[in-house]
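Fold and contact review
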Amino acid sequence: MGKSKSKIYVVATDVGGTCTDTIVFAPGEPLYLGKALSTPPNFAEGVMNSIRSAADTMGLSFAELFAATSLFVHGSTVVDNTLLTRDGALTGLLTTEGFEDTLLITRGAYGRWGGLTEDGIKHPVATERAEPLVSGDRICGLPERVDYKGAVLRALDVDATEKAVRYLVEEKGVEALAVCFLWSFYNAEHEHAVREVIQRVAPSTYVSLSSDIAPVPGEYERTSTTVINAYAGNIASLYLNNLQELLTNEGYDGPLLVMQGYGGLLPANEAAGRAVGMIECGPAAGVIGSRYLGHLMGDDDVIAADMGGTTFKVGVIQGGEFDYAREPMVDRFHYVAPKIEVVSIGAGGGSIVSLDPRTNVPSVGPRSAGARPGPICYGQGGEEPTLTDVMILVGYMDPDNFLGGAMTLDLERTRTIFKQKIADPLGLGVEQAAIGIFRIAAAQISDLIHEITVERGLDPRDFVLHAFGGSCPIVCGIFGAELNVKRIVIPYTAAVNCAFGLVSADIVHEYSVTKTLPVPSPATKINAIYESMIAEAQAQLAKEGFADSGTAFEWSIDLRYGRQVHEVTTPVHGKTPLDESTLAALVDDFEALYERKFGKGSAYRAAGMEMTMFRLTARGLMKRPEIEKMALGGKDASAAKTGRRPIFVDAAGALVESDIYNFERLTPGNEITGPAVIHTPITTIVLQDKQTGHLDEYRNMVIQFN
Amino acid sequence: MSTRISASLVVDDNGEIACMECGHALGPAGAPWKKAARLSETPLQGSGGEPYSNAANVLLRQFFCPGCAALLDSESALAGDPFLNDVVRL
Amino acid sequence: MDPITFSIIRHRLYRVIDEAVITLKHVSGSAITNEGHDLMVSLYRADGSLLMGGVGFLHHLTSAAEACKAIIRRFEGRINAGDVFLTNCPYTAALHTSDVYLVSPIHYDGELVAWSACFVHVYDIGAMVPGGFSPDSRDIFTEGFSSPGLKLVDRGEMNTDIMDTILNMVRAPEMVALDLSSMIAANNVARERMVALVDKYGSKPVDQACQMLVDQSEQSFRERLLELPDGRWESRQYFDIEEETYRVLLAMTKKGDTLNFDFTGSSPQSKYGINCAYWAAWGGFFAPLFPLLCYDITWNDGVLRPISMIAPEGTIVNCTRPAPISLATVGAIQSVNNAACICISKMLSASEKYAKEATAVWHGSHFAIFMFGQNQKGQEAIGIMTETFGGAGGGRSFADGVDVGGEIPNPIGRMANVETTESHFPVRYLFRRATSDSGGPGKYRGGTALEYAIQQHDSPDGGINYVVSGKGTKFSMSDGLGGGYPGAPCNFRWVHNNEAAEAGKNVNPFAMSPEQMTGEQESISWGVFPLMDQDVLYVRSDGGGGYGDPLMREPEKIARDVREGNVSEGVGRDVYGVVLDADGDVDAAASAAARDAIRAVRLGQKAAE
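Just so you know, these numbers come straight off a predicted model, no measurement behind them.

1. A short note on the environment of Leu84(A)
Residue and element names in this part refer to chain A. Mapped onto the secondary structure, Leu84 falls in helix 3 (residues 78–85). For Leu84, a relative accessible area of 63% puts it in the exposed group. Here the alpha-carbon distance between Leu84 and Arg332, two residues 248 residues apart in the chain, equals 9.7 Å.

Below you can see the structure in the form of structure tokens.
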């Protein structure tokens, strides 16, 4: 046994739908990146492959790497995948007698149109609800009733509960049980009693209580959330336990932290009980990563854009804060775990270009050619033109040198099919048609970003754009210019952005108390509500090894105008506990936020105000890994130039011969004036006319508008 | 070659309206075919289970194919109201 | 105009509407707007013709066009940038006084380029009864504030005298003020975005693109009509109000690329406010026409051009002033909607290619129940019971109707959570669930409907009142298609538990079904009623119409229906001819025999003539 080395590495691995990415941080060393294909359903295999790929670039074995690793941070699509493949536990539901159909009838058409685009909504005859996770014969209503004040109107019938549990587990073979009673977030007695019965009568059943998982009003969404948690709970739990074991076997004995959809980490044993929290943690990590990078670069207002093969996703960070999704969905299910808001459209590299058969009007996506057969130019049998094919036709990609030479692209076949299917029917030359399609895609993306900024009272001109994913750096020069953002950053870690986000997150526990108080209410009353949440949070963080100085508590309160449905979560910016002046400032902030989100003049004070939910975000502050800053050299980038070829320049409306560069040969400080193309091993960066890119000390490409 | 004219009827080679299931002819195309069908006319109340129990004096008319008993069409009617008549002009 | 630029401009026009709808929903925070989605925002061309219809309550897309045109006529020469006009007169364009239209001109460089128009069902309009539905009104004069057209905002300045007058006449004026503010905001957003669009692309290109959008819709729709066979299809809707029975008759004729809707023979107008005016009838059949025939075509004036309507004056589908009309949107308009749905679906069924677009009627009744009184905190509360938006889907040629699946004219409606209603109103639900056997039987059955029961809870003055305008209790308005049964009718019951308690009986506070309720159950359908102390209001909504022959339904599906509580075993056997064994599985032999027996009975019927 060799002498123990000091633990200096932080390893972060993110499992996405296609790829599993790893970043290894070591102080004083550059970032090490690793990539492997994801391996559903046994994702752990892909995780180990990805870490091994990073270890290889470091020249270390697994054992050497793990012996020197102090922290392993993880995000995974395992729960999303379980929902997608319908591979979860056989689940039952116990609920208030008389309301057994709540999950199935989804508040009427809500579950039928939820998650559909406008095209789908306009065609109701062709729509359906998603098949529910629990069928009607596995739902039992129990005699009990609590009212809107949390008062018990009808005590829980324990005998009936036992009978129902036995029926579901023994006769129906149920493996997991969700429990959701009306108003349980005000009074969880009955749900706790049911858990006791299940533990007594059928102890190996996985149990989720709504009062634990989602103690917020709205029984449909709360039931749906609890059901999802029960459905995926065992799988998530087994996955994390298995991963922990694999890591231990390889010599890692540190903590395993797991990313949540709200952008914070939980220790694995906590995360294992909250499967629903892992939903869409990937995009959340992406936004967190963007926030950290922005912060390092002095930008607290960032638009984080990710364009992959199928979708274009964007999230917004304003003043270092982000919004939470208002009516979150996963697949076609509604749920209520807090989730960072990320909006998306079907516009990615693989998006198929088509012409409307009747009107000949072109559109891009939402159908995608996926990875197989993929774009025509990949030569895997793809017959439908995709955005990637358009990008190669406008000169942005080098057919002989794709993915650092790993692949060659079939330009001729692409041109032939595109001409036949798109250019000729449009009566345009191949290049003009490709330019037009490219502009349509850029416009669609622009509109999406408009939706998440201007429509929410934010001005893109105040923001920096971060461009992630394989295709974003190709298009961002056009839509970024149209939106007139301050500048564009293509991060060095763009390819592994979610993994980067993992290490810039804190451990975050979210607590909330649902209670309605009028405004004004005495500050002491509000402080009293927070006391128990704070005590619980402090105990939890202490258990996780944080000293008080390593913790931070953030208060936020949901407010609304009287008898209005819209609530706005308003962060408390003053000192806590509250006093009369910080409370008054909170009310002012609410009004400002409300007007920003809902339009000038939308605030209606005459209706009075109420506070409806009190939230505590408790952070265990994680050390941010330092990213090596490299020395800035000269501006001359000519050593990286590899040649010239015609590329689409938006200002010219045509292909113009321009310089081509190899990213790997650039050094920090180099400057390139557009129009130009810079090829990296994983993506391509396009500088438009009147744009200058320079490589900063982190090796990010920063594009300024001249 | 028969041509579809409704969820349950076609116009056959002889230009007659016919049952899609068995081909039984019900009269020339363009003419009211319901006269040639078998008719059941019963109160809607009691025809379909408890939720129909508060239906008032409205009738459920069902038109069956005389050949194979397929249900070709149905309509709600107050006694004495005429049959609904659909005409498809091919 | 090149297809690329057109594609981009078109996409951006969609975004203009989207943003305006979001604004409308954001600002107006009432349940009827937020849950029921009882709103609409659309864009109109400078002449008031529909340019782009948004997904709101579809009855309004075309009547708002008429509202724009009425404003243009009335205010010609006095239409300025920054104006906002209001009209809610049903004899001008609105559907009933509660649905207030705000119509705003959009100018660019001094020139009128477009209009945006929106509506919400306002919190109150000052009618005889809170909420706007007045069963006891015998003429329009007791149905609240009504204007054929007034200028609410003049070049950006609110006409406070007009606003104050409106608010002076309505209950809960602060809530109505918020409704109006939200509409002004939505129109402002539409205007700003439209101006930005014209600024970026130029007046002429945008105008060209708009013209192309309308022409393309017309061309696409006419092409589709030519693909469908010519013909004439009939539909007949009955509905009941108290002692009266009404008929809406529709004969829809397609010839070449034109479509005519003829309501000749419909009942004379009623003394009850369930009548609708001309423009409401026009809008009423576009509500199914857009999604059934134009699901992939932009909804605009181009779709209107091939269409014509005959609605004789003085009938319930074209009533004359001063006939009462406050219940039009849950009255005659619904029958127009349902009748058109059936005629259009029968036409679609006559085509191999389009048969899959046909549907039986969804939630034919679309009744409304409003509650009013003091809430738990002693504040005045008025609101709709949102369960009507739960709806029930109609059966289709390839699938059942969606259980509690919504309704056609209201693409993105939903009902509120029980907990939401219990926190805003002093009521407690006893139960809320889908109703077994409510979907019309068929090869593909109609979707089941909702049933629920409420009683007062923590009311400061003993209880609340509610307004029922429930047609469809005696007749089923959810017609079936292709042989399918109509969906079950609705049912409303006042359960007299207070009387039972006075007579010494023990009232069961946790009855799980009407059978378990103590007091006498009185069927009601029309009027204003109290809900006091222990009395219960029980409501069962109407099921969706079925599609096709129940004897053709796959027996396995009945086994599943019974297992999941959507069809009873008795109906499964008697109507569908499917017999289940003791384990709930299909007994194939017994089922075959049962079906043969039913067929024998069918053949034994006499001939129809």
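2. Re unusual backbone geometry
For residues besides glycine, phi is generally negative; the peptide bonds are generally trans as well. Going from Pro40(A) to Pro41(A), the amide bond is cis rather than trans, its omega being -5°. By secondary structure assignment, the location of Pro41(A) is in the loop between strand 3 (32–37) and helix 1 (43–58). Here the residue pair Gly365(A) and Pro366(A) is connected by a cis peptide bond, since its omega of 0° sits within 30 degrees of zero. Among the structural elements, Pro366(A) can be located in strand 20 (residues 362–368). Located in the positive-phi region is Ala69(B), a residue other than glycine, with phi close to 70°. Turning to its location among the elements, Ala69(B) is positioned in the loop between strand 6 (59–64) and strand 7 (71–77). A positive phi is found at His363(C), a non-glycine position, where the angle reads about 40°.

3. Concerning the packing of aromatic side chains
Applying the stated rule across the entire model yields 42 aromatic pairs over all chains. Between Tyr272(C) and Trp526(C), the aromatic rings sit 5.5 Å apart at their centres with planes inclined by 75°, giving edge-to-face as the arrangement. Of this pair, Tyr272(C) sits in the loop between strand 10 (258–262) and helix 7 (278–293) while Trp526(C) sits in strand 19 (residues 526–532), placing them 254 residues apart in sequence. Taken together through their ring pairs, the aromatic side chains of Phe261(C), Phe263(C), Tyr278(C), Trp279(C), Trp282(C), Phe285(C), Phe286(C), Phe290(C) and Trp299(C) make up a single cluster. Just above the ring of Tyr292(A) sits the side chain of Arg624(A); from NZ or CZ to the centre is 5.7 Å. One cation-aromatic arrangement involves Arg414(C) over Tyr110(A); the distance from NZ or CZ to the ring centre is 4.7 Å.

4. Description of the sheet that holds strand 16 (residues 463–469) of chain C
All names here are of chain C. Here we have four strands laid out as an open sheet, ordered 13-12-16-19, and antiparallel in their pairing. Two strands close off the open sheet at either side, each with one partner strand: strand 13 (380–384) and strand 19. Going across the sheet, the axis of each strand differs from the next one's by a mean of 15°, ignoring polarity.

5. Points about the domain arrangement of chain C
Residues and elements named next belong to chain C. Looking at chain C, the domain boundaries give domain 1 (3–219), domain 2 (359–548) and domain 3 (550–603). Each of domain 2 and domain 3 was reduced to a C-alpha centroid, and the two centroids are 28 Å apart. Counting residues at the interface gives 13 residues for domain 2 and 12 residues for domain 3. Taken together, both faces of the contact between domain 2 and domain 3 bury some 1000 Å²; the carbon and sulfur share is 46%. For domain 2, the biggest contributors to the area lost against domain 3 are Asp437, Lys443 and Arg445; these three give 46% of the whole. Our enumeration of links across domain 2 and domain 3 arrives at two salt bridges. Measuring nitrogen to oxygen at the nearest pair gives 3.3 Å for the salt bridge that ties Asp561 to Arg445. Where domain 2 touches domain 3, the interface holds six residue pairs in polar contact (both at pLDDT 80 or more). Classifying every residue of the side of domain 2 that touches domain 3 gives three nonpolar, five polar and five charged.

So, how was this worked out
Per-chain numbering applies: the sequence of each chain, read as written, is numbered from 1 onward. For naming, the first written chain is A and the first written ligand is 1, with later ones following in the order written. Predicted model: local features are reported for residues with pLDDT of at least 70 only, side-chain atom pairs are reported and counted for 80 or more only, and whole-chain, interface and lining totals are derived from all residues. Computation of side-chain values covers all heavy atoms of the structure but excludes hydrogens and water. Only DSSP runs of H or I reaching four residues or more are called helices, and only runs of E reaching two or more are called strands; each is numbered from the N terminus. Accessible area is worked out with a 1.4 Å probe on protein chains only. A residue is then buried under 20% of its type maximum, exposed over 50%, and partly exposed in between. Aromatic rings from Phe, Tyr and Trp, with only the six-membered ring used for Trp, were paired whenever their centres fell within 6.5 Å, and each pair was classed as stacked if the ring planes differed by under 30 degrees, edge-to-face if by over 60, and tilted otherwise. A positively charged side chain is recorded as over a ring if its NZ (Lys) or CZ (Arg) lies within 6 Å of the ring centre. The angle to the ring normal must also be within 35 degrees. Strand pairing is assigned whenever DSSP identifies at least 2 bridges connecting the two strands. Angles here are taken between N-to-C directions and fall from 0 to 180 degrees, while the axes themselves are lines fitted to C-alpha atoms, restricted in helices to the stretch in contact. The start and end points of each domain follow an automatic or database-based domain assignment. Contact criterion: two residues are considered in contact whenever any of their non-hydrogen atoms come within 4.5 Å of each other. When two components associate, each loses some accessible surface as probed by a 1.4 Å sphere; the sum of these losses over both components is called the buried area. Here, a salt bridge means any side-chain nitrogen of Lys or Arg that lies within 4 Å of a carboxyl oxygen of Asp or Glu. Residues adjacent in sequence count toward polar contacts only when both atoms are side-chain atoms; beyond that, a polar contact is any pair of N or O atoms within 3.5 Å, and within protein one must be able to donate a hydrogen and the other to accept it. Under the grouping applied here, Gly and all other residues not named as nonpolar or charged are polar, the nonpolar ones being Ala, Val, Leu, Ile, Met, Phe, Trp, Tyr, Cys and Pro and the charged ones Asp, Glu, Lys and Arg.

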